[in-house]
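# Notes for the structure review
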Amino acid sequence: MSWINEKGPLRDVVISSRIRLARNLANYPFPPVMKPQHAAEIAENIRNSVIGRRSSQGLSFMFIRDVPIVERQILVEKHLASQDLMQNYEVSALIMDKDEKITIMINEEDHIRMQCILPGFQLNQSWDILNSVDDMLESQVEYAFHDELGYLTSCPTNVGTGMRSSVMMHLPALTLNQQMNAILQTISKIGLTARGIYGEGSEALGSIYQISNQITLGLSEEEIINNLTIACRQIIDKERMARKALWDANGIQFEDALWRAYGILLNARVLELKEFMALLSQVRLGVSLGLIPKLTLEDMDYLMTIGQPGGVTRKAGRMIDGNEIDIARANVIREVMEGILKTKDIS
Amino acid sequence: MLCQECKQKPATVHMTKIINNHKTELHLCEDCARQRESFINIPTFSVNDLIASFMDMGQAKPAFEKLSPSKCAVCGMDFNQFKNIGRLGCQECYKYFGDELGPILRKIQGSTQHTGKVPKRSGSALLTKKQIQKLKAELKKAVEIEAYEKAAELRDKIRELEQSQGYSGREQQ
Ligand SMILES: [Zn+2]
Ligand SMILES: [Zn+2]
């Protein structure tokens, strides 16, 4: 079962917390210039170092070339692997645990990109887990490490700690109040960066943002996490206040809008991605305020992953596109929502 | 007609836009129309652009004056290639492009000194390496002052340390 169905602290605003570490093996060229033979050796080396150890039960290894295309897309949609890993499918590989909390990407932009993702606001816990995965791997292989520059990465924007810590947040009230621009500008001044996760270009579909550290060198891992934690706590407080203020100011109109979104999500026959994300965002807002008691935040985040193009295609069982996807999405969402509601009526 | 954006409220704002010689009509409710006007722009972040822009900020001058760009003797990548793809070829590139990378790192990262985690393996090898260097210096001094007993002692210690390091302490090219 995926972490997405687990409870997590401050889940009303924070969907997930993720730490990612970039590592390279000593004495091999970095992925952008390495030969296929290097890549094969590295994948084999890491596979042997991780799989079959007592401490790594539940981890499985896969070459991306053996993973069906739809499943590759789903891995990206669930933030378990990157698009870059899929582009390197001829030589890349992935190690993943059964809860989908720990993944190790092999032969992405660096030889190793490992991550730990947990539900809600759990940056420190995520770092503790990943730090021990890193220790375990480091006892088996030799990393490219420089006395002054730290862990060496193929892109100098990752050198040092090689750490990218990020928090995925649902910020519908701040978005509605048009406060996001100011927030994004402020956090960029303290070495953090934010972007919309779903959608292309400047869109932030579903008012979902990822906030992460930009600087990887000159700060310790704990300092990086601490800076991000402080900024996120402020954003969480602001979002919670804005939600309450919106409800207080608009009363029944506010409730009406969220329940209408719920009605459409549960009954639509055609659902475009953009509309789906907007409705989901509204319903999630209602759930977070206890307004829509039949669903949980975990249900909402689960619906979000299965409503993405890969998730919908898998459910359909064949390659579909365009209008067909929108129809399939409406069907999947309706079915799953009805299923959730039914189990709650019984209990 | 319902609003095309939210599909919940009646469309009262009708817009026509010409994009690439293509006429598109938009029918929105008042709320969605207002949101569209003040649409939030989140700057997208491209690492390549970032590195390129930092390199064009005056720091590239010394590189231009060189007859040929710096080249990594291990993987063969030269600095112009790095500028184009924004990625280094191997760990030794950091050494060969040191002069050019320093200012870039200071701008992107604000620092050139790692203060975080140190891997136990390379870290302890590093410490041993430093210890061996120190002992070798002592050995040289001992030989100079003809303190042969002391020198033999130091030589054994060095040998012991070098053997304890195994393959991870081997000099990397
Ligand atoms: Zn509308
Ligand atoms: Zn190189």
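Before reading on, note that the structure itself is shown above.
Below is a summary of the structure that appears in this document.

Moving on to the interface of chain B and chain A. On the side of chain A, 69 residues touch chain B, which itself brings 46 residues to the contact. Around 4,600 Å² of area is buried between chain B and chain A when both sides are counted, 54% of it from carbon and sulfur atoms. At the boundary of chain B with chain A, the tally comes to seven salt bridges. Lys7 of chain B is paired through a salt bridge with Glu275 of chain A; the nearest N and O atoms lie 3.5 Å apart. Taken together, chain B and chain A are joined by 20 residue pairs in polar contact (both at pLDDT 80 or more). Listed by contribution, the elements that provide at least two residues to the side of chain B that touches chain A are helix H1 (30–37), helix H2 (47–55), helix H4 (79–85), helix H6 (98–109) and helix H7 (120–144) of chain B.

So, about the coordination of the zinc ion (ligand 2). All names here are of chain B. Only Cys72 (SG), Cys75 (SG), Cys90 (SG) and Cys93 (SG) from the protein reach the zinc ion (ligand 2) as donors, at distances of 2.3 to 2.4 Å. Each of the four donor atoms bound to the zinc ion (ligand 2) contributes to angles spanning 97 to 124°, and the resulting shape is tetrahedral. Written as a sequence motif, the donor residues of the zinc ion (ligand 2) are C-x2-C-x14-C-x2-C. Here Cys93 lies in helix H5 (residues 93–96) and Cys72 lies in the loop between helix H3 (61–65) and H4, a separation of 21 residues in the sequence. We note that Cys72, like Cys93, is buried.

A few words on the packing of aromatic side chains. Residue and element names in this part refer to chain A. For the coordinates displayed, the defined rule picks out eight aromatic pairs over all chains. With a centroid separation of 6.0 Å and an interplanar angle of 75°, the aromatic rings of Tyr143 and Tyr151 are classed as edge-to-face. Residue Tyr143 shares its accessibility class with Tyr151, and that shared class is buried. Aromatic pair Trp259 and Tyr262: ring centres 5.1 Å apart, planes at 80°, arrangement edge-to-face. Of this pair, Trp259 and Tyr262 both sit in helix H7 (residues 221–267), three residues apart, which is roughly one turn of the helix. Of the residues examined, Trp259 reaches a relative accessible area of 35% and is grouped as partly exposed. Through successive ring pairs, a cluster of aromatic residues spans Tyr143, Phe145 and Tyr151. One Lys or Arg, Arg23, reaches over the ring of Tyr151 and ends 3.4 Å from the middle of that ring.

How each quantity is defined
- Residues numbered from 1 in each chain as written.
- Chains lettered and ligands numbered in written order.
- Predicted model: local features only at pLDDT ≥ 70, side-chain atom pairs only at ≥ 80, totals over all residues.
- Heavy atoms only, no water.
- Contact = heavy atoms within 4.5 Å.
- Buried area = accessible area lost by both parts, 1.4 Å probe.
- Salt bridge = Lys/Arg side-chain N within 4 Å of Asp/Glu carboxyl O.
- Polar contact = N/O pair within 3.5 Å; in protein donor to acceptor, adjacent residues only side chain to side chain.
- Helix = DSSP H or I, 4+ residues; strand = E, 2+ residues; numbered from the N terminus.
- Donors = N, O, S within 2.8 Å, 3.2 Å for Na, K, Ca; no water.
- Tetrahedral: all angles 85-135°; square planar, octahedral: opposite > 155°, others 65-115°.
- Buried < 20%, exposed > 50% of the residue type's maximum accessible area, 1.4 Å probe, protein only.
- Phe/Tyr/Trp six-rings, centres within 6.5 Å; stacked < 30°, edge-to-face > 60°.
- Lys NZ or Arg CZ within 6 Å of the ring centre and 35° of its normal.

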